[in-house]
Amino acid sequence: MTWTVISDNRSNNPELETEHGLSILLQTERYKILLDTGASDVFMRNAEQMGINLSDVDYVFISHGHSDHAGGLRYLLEHNQQARIIVSPDAMSGKFFSKRGNLHSITTEWPEISNDRLILIDHTCEIAGGIQVTAHISQTHPMPKGNLNLYVQDANGGFVHDDFSHEIALYVDGLLFTGCAHNGLENILAACPWPVHTVVGGFHLLDGLQSDEEIVALAQRLKTDYPQTQFYTSHCTGNHVFELMQTIMPTQLHPFTCGTVIK
């Protein structure tokens, strides 16, 4: 198994572009799976720069309906005629907004996708041999406070807090991809019925929203409850949050940026 970060907020390579978005290519012996598509076509240009061919990707996994994770899908489908799209129907039907700063839409512009290429997920299940998806994640552990600024528009045009029923997580051979982890790392891990050795994705822990005490307590719980699990993050994880968590779990927590390749 190899995973390569092709779009992210951060980069240590000046030849690769950054954006507020996330896209990772996961390659196994059987499949090429694109984990989210970033906000734009940045991931396509970065993939070309890295010599990565996306035309033969088998599956595209969309973790949730926000445009920074699904906005690039329409660009991929212009070049890929075979990939099947794994997504929650709630992600495709929802109208999503952020009130960080001025109220603005973060709804994805979905391209036309034929029914035979859509895999709509409304429950935890296996997609194909070795590819599993966790859905409808119970929220029994603390939720990221950044969610308080995120809304969905209801049928009457009003705004209600997003409950993130549209967020799903992908599991392949011990690796759990969290997308943004809006449901919270602990809730996603608790909902995953398979053994996890690696967690990859954003944590949605923004600097200045959770207290240092809350971040330290979370890191201590993760270290205690998942002592053998490695965690890789960037995107919507704040720099201060990462540094604070790493003091608690120095051998388990790792950063990634555009161009990171892990085998």
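Everything that follows concerns the structure shown earlier in this document.
Residues numbered from 1 in each chain as written. Predicted model: local features only at pLDDT ≥ 70, side-chain atom pairs only at ≥ 80, totals over all residues. Heavy atoms only, no water.

K.L.:
Explain the overall build of the protein chain here, please?
P.N.:
Scanning the protein chain from terminus to terminus reveals seven helices and 18 strands. Its C-alpha atoms give the protein chain a radius of gyration of 17 Å, within 12% of the compact-globule value 18 Å for 263 residues. Principal-axis analysis of the C-alpha atoms places the extent of the protein chain at approximately 50 × 50 × 40 Å. By the burial criterion, 56% of the 263 residues in the protein chain qualify as buried. Counting contacts in the protein chain only where the partners sit at least 6 residues apart, residues at least 24 apart contribute 69% of the total. Of the roughly 11,300 Å² of accessible surface on the protein chain, a fraction of 47% belongs to carbon and sulfur atoms. Taking the 14 positively charged and 30 negatively charged side chains of the protein chain as two groups, their mean positions are separated by 1 Å. (Helix = DSSP H or I, 4+ residues; strand = E, 2+ residues; numbered from the N terminus. Rg over C-alpha atoms; globule rule 2.2 N^0.38 Å. Buried < 20%, exposed > 50% of the residue type's maximum accessible area, 1.4 Å probe, protein only. Contact = heavy atoms within 4.5 Å. Areas by Shrake-Rupley, 256 points an atom, 1.4 Å probe, with all protein chains shown as cover. Lys, Arg positive; Asp, Glu negative; His and termini not counted. Charge placed at Lys NZ, Arg CZ, Asp CG, Glu CD.)

K.L.:
I keep staring at the pattern of salt bridges and nothing clicks. Help me out?
P.N.:
A side chain with one charge may pair with a side chain of the opposite charge, provided their charged atoms come close. A full pass over the atoms with the stated rule returns five salt bridges. The partner of R45 in a salt bridge is D41, and the shortest N-O contact between them spans 2.7 Å. Across the salt bridge formed by E186 and R221, the nearest N and O atoms sit 2.7 Å from each other. Of the two residues, E186 sits in helix 5 (residues 185-191) while R221 sits in helix 6 (residues 212-225), which places them 35 residues apart along the sequence. (Salt bridge = Lys/Arg side-chain N within 4 Å of Asp/Glu carboxyl O.)

K.L.:
Any chance you could explain the environment of K99 here in plain terms?
P.N.:
Relative to the elements of secondary structure, K99 occurs in the loop between strand 6 (96-98) and strand 7 (104-105). In this structure K99 touches N149 and Y151, once residues within four positions along its chain are discounted.

K.L.:
What's the story with the sheet that holds strand 16 (residues 230-233) in this structure? I'm lost.
P.N.:
Strand pairing in a sheet relies on backbone hydrogen bonds, with the paired strands running either antiparallel or parallel. The strand order 9-10-13-14-15-16-17 describes an open sheet built from seven strands, whose pairing is mixed. The two strands at the open ends of the sheet, each matched to only one other strand, are strand 9 (125-128) and strand 17 (253-255). Averaged over all pairs of adjacent strands, the angle between strand axes in this sheet comes to 25°, irrespective of strand direction. With three bridges connecting them, strand 13 (residues 169-172) and strand 14 (residues 175-177) associate as antiparallel partners. By the bridge assignment for strand 14, Y171 is matched with L176. Taken strand by strand, helix 7 (residues 239-248) contacts strand 16 and strand 17, and its axis lies near 145° from that of strand 17. (Pairing = 2+ DSSP bridges. Axes fitted to C-alpha atoms, helices over the stretch in contact; angles between N-to-C directions.)

K.L.:
Looking at this model, I keep getting lost on the sheet that holds strand 12 (residues 159-161). Mind explaining?
P.N.:
Spatially, 7-6-11-12 is the arrangement adopted by the four strands of the open sheet, whose pairing is antiparallel. Each edge of the sheet is formed by a strand with only one pairing partner; in this case those strands are strand 7 and strand 12. Note: strand 11 (residues 150-153) against strand 12, three bridges, orientation antiparallel. Pairing of Y151 across the sheet is with H161, part of strand 12.

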